[in-house]
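Residue-level structural notes
What follows is each chain in one-letter form.
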Amino acid sequence: MALVPFPSARPGDDEDPEHEDSGSKMSFLEHLDELRKRLIYICWSLLAGCIVAYAFIPRIVDFIMKPMYLLIQTPGQSGAKLIYTSGPEPFMLWIKIGFIAGIFIASPLILYQVWKFIAPGLYSHEKKFAIPFVLMSTGFFVLGGLFSHYVAFPWTWQFFNSWGNDYMIFMPKIDDAFSMYTMMLLGMGLVFEMPTLVFFLARMGMVTGGFLLRHAKYALLIIVIVAAVVSPGTDAMSTIVFAVPMLALYAISIVVAYVFQKRRKPAVD
């Protein structure tokens, strides 16, 4: 008996649109090549951001370091300054500040490359969220940096300076001061990405607004523990400074999940 081949289905006849263009056909080596290409673009984007930052480096240095200097001035002890004990420290400070500023300037391009790496694994109807992803992730990253610069870091700096007395004066090294500033700046930037992460988890059907709301008490406990661990002080106010924005972000994430969560299709009898 002759074997009759089954007729091949035309593209799209019985194909589930949810699985259309899902990127599953890419091999492991193709994923590695794509990663290499995106990392190269990220490096070029970061280089461009650093060039722009170094063009304005005196203003950026003043923007970051002058508030530190002003916050360590105490009544009756004028003239306190940030110190350095190694010759290259001021020069390296300018290099580091330019690099950090370059990250923020280039963040839209960097996050776009992150999206381009993720996009091949998404369904075709999900790829239209490229612009919302770049805008949301960039906006919240910058917002986190601003919160750290204007709220979290000044409060922490004042807390350390409050221990000064007649026989002790707070005179921090510029390298130590900027290291703490950088960690808080980037840390807050990443923490503020919570709504963006929830947005995509909701679009993929992994979380819903109801799920986040039902588990809010557990989220509150985790947030307070994390805030207590990462805050530099041991007092309750230091924990509150870190916990309040995280709680606000969780509340925003619940709203984001409710608006953008995947809707269940009605069951067909």
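Below: a short report on this structure. These numbers were taken from a predicted model, which means no experiment stands behind them.

For the rest of this paragraph, the subject is the packing of helix H2 (residues 57–71) against helix H3 (residues 89–118). Packing of H2 against H3 brings their axes to within 10 Å, and their N-to-C directions diverge by 95 degrees. In terms of orientation, H2 and H3 fall into the roughly perpendicular class. Where H2 abuts H3, its residues Ile57, Pro58, Ile60, Val61, Ile64 and Met65 lie against Leu93, Trp94, Ile97, Gly98 and Ala101. Taken together, the residues that form the contact of H2 with H3 break down as 10 nonpolar, 1 polar and no charged.

A few words now on a nonpolar patch on the surface. Residues Phe28, Leu29, Leu32, Leu35, Leu39, Val114, Phe117 and Ile118 make up a contiguous nonpolar surface patch of roughly 730 Å² in combined accessible area. Breaking the nonpolar patch down by element, the ones donating at least two residues are helix H1 (28–55) and H3. Considering every element that reaches the nonpolar patch, the biggest residue donor is H1, with 5 residues. Of note, Phe117 is situated in helix H3. Overall, Phe117 belongs to the partly exposed group, its relative accessible area being 33%.

Per the counting criterion, the structure on display carries 5 salt bridges. The shortest N-O distance in the salt bridge between Asp33 and Arg36 comes to 3.0 Å. Taken as a pair, Asp33 and Arg36 lie in helix H1 at a separation of 3 residues, close to a single helical turn. Residue Asp33 is classed as partly exposed on the basis of its relative accessible area of 39%. Assessed through its relative accessible area of 46%, Arg36 is described here as partly exposed. Where Lys96 meets Asp175, a salt bridge forms, and the shortest distance between an N and an O atom there is 2.7 Å. On the criterion of sequence distance, the pair formed by Lys96 in helix H3 and Asp175 in helix H5 (residues 174–191) is long-range, its members being 79 residues apart. Judged by relative accessible area, which is 32%, Lys96 ranks as partly exposed.

This brings us to the layout of surface pockets. When its volume is computed, the largest pocket comes out at roughly 260 Å³. Phe63, Ala101, Phe104, Tyr181 and Leu185 are the residues nearest the centre of the largest pocket, which is lined by 13 residues in total. For the lining of the largest pocket, the secondary-structure elements that each account for two or more residues are H2, H3, helix H4 (130–161) and H5. Here the residues of the lining of the largest pocket sort into 11 nonpolar, 2 polar and no charged. Its volume calculated, the second largest pocket comes out at about 230 Å³.

Basis of the calculations
Residues numbered from 1 in each chain as written. Predicted model: local features only at pLDDT ≥ 70, side-chain atom pairs only at ≥ 80, totals over all residues. Heavy atoms only, no water. Axes fitted to C-alpha atoms, helices over the stretch in contact; angles between N-to-C directions. Helix = DSSP H or I, 4+ residues; strand = E, 2+ residues; numbered from the N terminus. Parallel < 35°, antiparallel > 145°, perpendicular 65-115°, else oblique. Contact = heavy atoms within 4.5 Å. Nonpolar A, V, L, I, M, F, W, Y, C, P; charged D, E, K, R; others polar. Patch = residues over 30% accessible without salt bridge, like charges linked within 9 Å, V, L, I, M, F, W, Y side chains within 5 Å. Areas by Shrake-Rupley, 256 points an atom, 1.4 Å probe, with all protein chains shown as cover. Salt bridge = Lys/Arg side-chain N within 4 Å of Asp/Glu carboxyl O. Buried < 20%, exposed > 50% of the residue type's maximum accessible area, 1.4 Å probe, protein only. 1 Å grid on protein atoms, 1.4 Å probe; cavity = no way out; pocket = protein on both sides within 12 Å on 5 of 7 lines; lining within 4 Å. Points joined across faces, edges and corners; volume = space filled by probe spheres on them.

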